[in-house]
There are 4 protein chains.
Amino acid sequence: MQFQIQAELTYDFAERCEVLLLMEAARGPDQTVHRERLELTPAADVARLDDPLTGERRAVFTAEGRVQLRYEADVEVQVRDATLKRVPAVPIRDLPGEALRYLRGSRYCPSDRFERFVEREFGDLSGGDKVAEIMTWIAEHLDYRTGVSDAASTALDTFVDRAGVCRDFTHLAIALCRAADIPARAVSAYAWKLEPPDLHAVVEVYLGGRWRLADPTGRAPVQGLVRVATGLDATDIAFMTIFGRAELVSQSFAIREV
Amino acid sequence: MQFQIQAELTYDFAERCEVLLLMEAARGPDQTVHRERLELTPAADVARLDDPLTGERRAVFTAEGRVQLRYEADVEVQVRDATLKRVPAVPIRDLPGEALRYLRGSRYCPSDRFERFVEREFGDLSGGDKVAEIMTWIAEHLDYRTGVSDAASTALDTFVDRAGVCRDFTHLAIALCRAADIPARAVSAYAWKLEPPDLHAVVEVYLGGRWRLADPTGRAPVQGLVRVATGLDATDIAFMTIFGRAELVSQSFAIREV
Amino acid sequence: MQFQIQAELTYDFAERCEVLLLMEAARGPDQTVHRERLELTPAADVARLDDPLTGERRAVFTAEGRVQLRYEADVEVQVRDATLKRVPAVPIRDLPGEALRYLRGSRYCPSDRFERFVEREFGDLSGGDKVAEIMTWIAEHLDYRTGVSDAASTALDTFVDRAGVCRDFTHLAIALCRAADIPARAVSAYAWKLEPPDLHAVVEVYLGGRWRLADPTGRAPVQGLVRVATGLDATDIAFMTIFGRAELVSQSFAIREV
Amino acid sequence: MQFQIQAELTYDFAERCEVLLLMEAARGPDQTVHRERLELTPAADVARLDDPLTGERRAVFTAEGRVQLRYEADVEVQVRDATLKRVPAVPIRDLPGEALRYLRGSRYCPSDRFERFVEREFGDLSGGDKVAEIMTWIAEHLDYRTGVSDAASTALDTFVDRAGVCRDFTHLAIALCRAADIPARAVSAYAWKLEPPDLHAVVEVYLGGRWRLADPTGRAPVQGLVRVATGLDATDIAFMTIFGRAELVSQSFAIREV
C-alpha cells in the first residue's frame, strides 16, 4: 500500500535551544520512502543523526521564537504478517543480539513488576497465544480516554488507572510481554484511518523469528502504519525532544492512501 | 596496567531455565584480553550472543540444579583520561548517534524527574565542571551502606534515602547527568583495589568528544577498572539474567595487578 | 466466646529509646477483658496513653538492651454480625463524624488511585454487596505469600504484585472500599485458629449503621478475633513503634478458646 | 485581632451527589466566631457533622447543577506564640493521646521515607531548633511555583521537584518533622495578607506542651490565620469533598482586618 503523509507543527520556543526531531518515515525492508520533504520556517541548519542500522531518521536543529515544521512524504508499505496466534516464542539463545534489550524494564515499562501478574494470569499460554491474550486483556480492562494519564505515566499507573491513550496502552502491552520473556518494543507511526489523525504509538513483539506489529488500542490497522521510530518506550520514540522550553501552538496530521 | 581476574559463583537452579551471562571482560580499544577461560560445572552448551559493536561478551546456557561458574582472565587496560574539570560538553548535534539514548530516562534512572533539581543546584556550571560538581554532591550527600536499597531501588529512592551501594550511586549520578543533557551510562567492571572484592558499577559520561569513566563511590581507581558491560542502567549490565528462579550459594571475586 | 491469649516477644535495643506498645486487648462493647497482665523484663516504668474513646490500650516505656514482653489476657468476645450481603451503605450525611476519616486515602491505602478501577469493576453494585464482591475479587486475584511485600508496600504495590500477607490484603480491601465511598479501617487482632499463630490484620467497614469486621485473607473466623487496635492502616495499628532501633530476637503468640 | 472573611465559590455538578464542606471557621480556644453565615444557592438541606472535640465545622448537602456557596464571618483570633527556637520537644510518654497519630506517615506525608535524610541533615538539633532549621531548609530548597505539582503530589515528589504551592510546602514540612519524631499536622486557614487571596495550608507542630503554627511558605503571618480544619494532610483538610463530579466555575476569597 502507498500512503501520502502530511504533518505540520508550530511551536514557540522561549529561548534558543536545540531540538531533536524524529518524525520522518524510517527507511527499512518493510517500507520505502519514494518522496519526502522536511521544511522548517524560518529555515535552520539541520544536522542529520540518522541511524543506518535501524533506518531511523533523526534531525537536529537550533530553534528560537516561533518555528513551523512541515513534513510531507510518499511511502510504500509492504504487506505485514501480523499473525500472533500459534506463532512460537524464540528461545533466548536464538534471539538476535539487538532483541535482548527489549526483554528488560525501561523508564515507562517496569516489566519486572509484572512478572507475578503475567505468570498468574497468562501462565498457561506461550508465544503468540500469550501475546494475543495479553492484547485481549488490555482491550477488555482499559478504556481509551484522554485526560487520565500524562507524560509521567508509567505502565504501573495505567495498570491501576485502567485508562489512557495509545502511548499508555503500548507501555502496558510492552511491560506485560517483557514480563513474559517476550521481546517487545515501542514504535511510533503515522497511522492510516486513525481518528483523530495523530502520530500513533504501537507495540512490536519478537515472535517466530521476526518482529510483529500490533496495536493494543485496536484503533488503526497494522497494514496502514508508516513506521517512524522504534525504541524501548516513549522516551526513545518521542517525535520531538526539546533541550529547552517550548509551547505547542498548533499541529495537524494527515495520512491518506494513494 | 595488566590485571588477573578470578570469579567463581555457585547457584542452585530450582528448575531448568536459560541463563544470560554478562561477566566476561569486554573487548575494546581501552582494554585487551590476553587470556581467558569460562568454565561451567557441570559442562553446558554455551551459545554466544557477543556484540561486535560494543565488544560486550554475552553467553547463554541452560542451567538446572547446582551450577558452578568459573571465570579467569588476564586483561591489559590502557591508561584512561578521567579528567572532568574544564572538559566541554558536546552539543547535541555533534554527539555520535549511539550517545543519544544515554540522554534519556531509563528504568532506574528517571532523569526527567531531576531536571529542576539539577538546574537549581548546578545550573551555573556546564560540561565537565558540572559533572565534577554532581560527583562531589553525591559524595557529600550519600552514605555508602548496604541494606538500605534493594533490586527495585531507583535513583529517586536513593535521592530520598541518601544511602546505597555502588549501583545506587551510579544510578543517581546517571540520572543527574542526563537531567543536565550530558550523556551518561552504567558500566559494570572488575575493580582493582575495591574492598571487599566484587563486581563494581560505575558511570561513564560523554564529554569532550569521548566517554569518560568515573566512580561516584570513590572506592576504586578508574585506572584499575576492567570493563564488562555497558548500558542504560542496572537492567542492561546485570552480570546474570536468570529466565527462571535460582539461589546464590556462594561467590568470590579477585583481581590483582600482574 | 471466651479466649485466653498469650504473647511473648524479645527484642534487643541497640540504644536507649522510647517504645509505644499497642498489643493489649481493647476495651469495648464487643469484648470484655476479664483478666490481663503485661510484664516487662527487666521491669520498666510504663506510662499509659489509653484512649477512652476507642478503648485502645497504649503503653509507653523506655527500653535498652534485651527486653522481654509478656502479655496474657482472658477476653470475652460478643457474637458479631459479619453480614455484608444486602446491607445498605450509609449516606455520607448520616455517617457518624468519626467515620469520615475512614473515607480518605492514607499512607498505605491511596484509595484515590483506585476510583476508576472500582467504578469499572464493581460499579453496578452498592453497599454490602459491593464490599462482598471486593472481598471475592481479592480472594481470587491475590496469593497469600510471605516474601513478596515488605514494610513499605502499599495497596498499589499489592494490586500489581498480586500477593502479600494479611497486612497487604487488608490494605487493598480498605483502599477499594474507600474508593467506593464506604468507610473502611484496619484492625489488629489476636486471631483464634489463625495458623501459624500471629497478630492478624483485618478490615472493618461501616455499613448498615455500624462497623462490620471482615477478613480478606479468609484465614481466621471473625467470631474469634480479639480486637487490639483500630486505625487508618498499618501505621496506626502497629503493635510496637520503636523511637530508635531494635532487633526482634524471638516472638510467640497463642490464643485458645476457654 | 479581628478579621472579616468572605468566600464565594460556584460549581457545576454533573450529577446529583453529596458534598462535604469544610470551609467554616473552626471554634476553639485560639479563635472566636462572632458572626457567620453560610448560604447555598439554590438553597439545600444542610446536615451538620461538626466535631465538638476539634471545633471543626463540617456541612453536608446534596448538590446538582450550578451551585453557589457563600460564606461570611467575623472572627477574633487570639495572639499566638509562634516561637520555635529553644522550645523543647515533648517526650513520647508525655504527649497527649491525640498527638500520637501526627507522628505517623499519611497519604501525602510518607514520613518513614525521610528518617535517614532528617537524621543526616538535622541530627545534631532537637525540638524547636530542629523544626526551625527544617523550615529554613524548605525555604532555601523549594521554589513557590504553580504548575509543578498536582492533587496527587506527595512530599516525596516535592522533595525531588523542589517546587510547589502551599499544600506541597506543608506536606514536606510535616513529613520532615514527623521523621524527627515531632508531631506535625496540616491546617487549612483563611490567611490575612496572603496574595493572591486563597485558602492557605500551613503546618502545626507539637512542641513545649502545645501546638504551634508555622507557615513553611513564609507568605502569611501566623497572627492572621483563621483556622478552618486540622488533620493529617490535604486529605483531611480539603475544603470540599465531592462524592461525584463537579467543575469549579469561579471562586473568590477575601479577608481583611477590622
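Notes on the structure follow. (Residues numbered from 1 in each chain as written. Chains lettered and ligands numbered in written order. Predicted model: local features only at pLDDT ≥ 70, side-chain atom pairs only at ≥ 80, totals over all residues. Heavy atoms only, no water.)

**Examining the side chain of A:Lys130**
Thought 1: Among the structural elements, A:Lys130 can be located in helix α2 (residues 127-141).
Thought 2: In contact with A:Lys130, other than residues within four places in its own chain, are A:Phe122, A:Leu125, A:Ala180 and A:Ile182. (Helix = DSSP H or I, 4+ residues; strand = E, 2+ residues; numbered from the N terminus. Contact = heavy atoms within 4.5 Å.)

**So, the nonpolar core**
Thought 1: Within the largest apolar cluster, 137 residues are counted, with the highest numbers of intra-cluster contacts made by A:Phe114, A:Tyr190, C:Phe114 and C:Tyr190.
Thought 2: When sequence neighbours within four positions are dropped, the list of residues in contact with A:Tyr190 reads A:Ile5, A:Ala7, A:Met23, A:Tyr71, A:Leu199, A:Gly224, A:Leu225, A:Val226, A:Val228, A:Phe253 and A:Ile255.
Thought 3: Core analysis: the next-biggest nonpolar cluster, separate from the first, contains 136 residues, B:Leu69, B:Ala132, B:Trp137 and D:Cys17 among them. (Core = buried A, V, L, I, M, F, W, Y, C linked by side-chain atoms within 4.5 Å. Buried < 20%, exposed > 50% of the residue type's maximum accessible area, 1.4 Å probe, protein only.)

**Some thoughts on the sheet that holds strand β9 (residues 210-214) of chain B**
Residue and element names in this part refer to chain B.
Thought 1: Here four strands make up an open sheet; going across it, the order is β9-β8-β7-β10 and the pairing antiparallel. Each edge of the open sheet carries a strand with a single partner, namely β9 and β10 (225-231). Going across the sheet, the axis of each strand differs from the next one's by a mean of 35 degrees, ignoring polarity.
Thought 2: As judged from the five bridges shared by strand β8 (residues 199-207) and β9, these two strands associate in the antiparallel manner. Counted as the bridge partner of Val 203 is Ala 214 from β9.
Thought 3: The strands touched by helix α2 (residues 127-141) are β8 and β9; relative to β8, the strand with the most contacts, the crossing angle is about 155 degrees.
Thought 4: Of the strands in this sheet, β7 (184-191) and β8 are in contact with helix α4 (residues 166-179), which crosses β8 at around 15 degrees. (Pairing = 2+ DSSP bridges. Axes fitted to C-alpha atoms, helices over the stretch in contact; angles between N-to-C directions.)

**Things to note about the interface of chain A and chain B**
For interface size, the figure often reported is the accessible area lost on association.
Thought 1: Contact with chain A, which involves 31 residues of that partner, is made by 31 residues of chain B.
Thought 2: Between chain A and chain B, a total of about 2,700 Å² is buried, with carbon and sulfur atoms accounting for 54% of that surface.
Thought 3: Linking chain A to chain B there are eight salt bridges.
Thought 4: The partner of A:Asp45 in a salt bridge is B:Arg93, with the nearest N and O atoms 3.4 Å apart. (Buried area = accessible area lost by both parts, 1.4 Å probe. Salt bridge = Lys/Arg side-chain N within 4 Å of Asp/Glu carboxyl O.)

**Considering the relation of the copies chain A and chain B**
Thought 1: Least-squares fitting of chain A to chain B yields an RMSD of 0.0 Å, with the superposition described by an axial translation of 0.0 Å and a rotation of 180 degrees. Such a combination of rotation and displacement between the chain copies is what one expects of a two-fold axis. Across chain A, the smallest distance between a C-alpha and the rotation axis is recorded for A:Arg107, namely 2.0 Å.
Thought 2: Both copies share a contact surface, since 100% of the interface residues of chain A are interface residues in chain B too. (Least-squares fit on C-alpha atoms with pLDDT ≥ 70 in both.)

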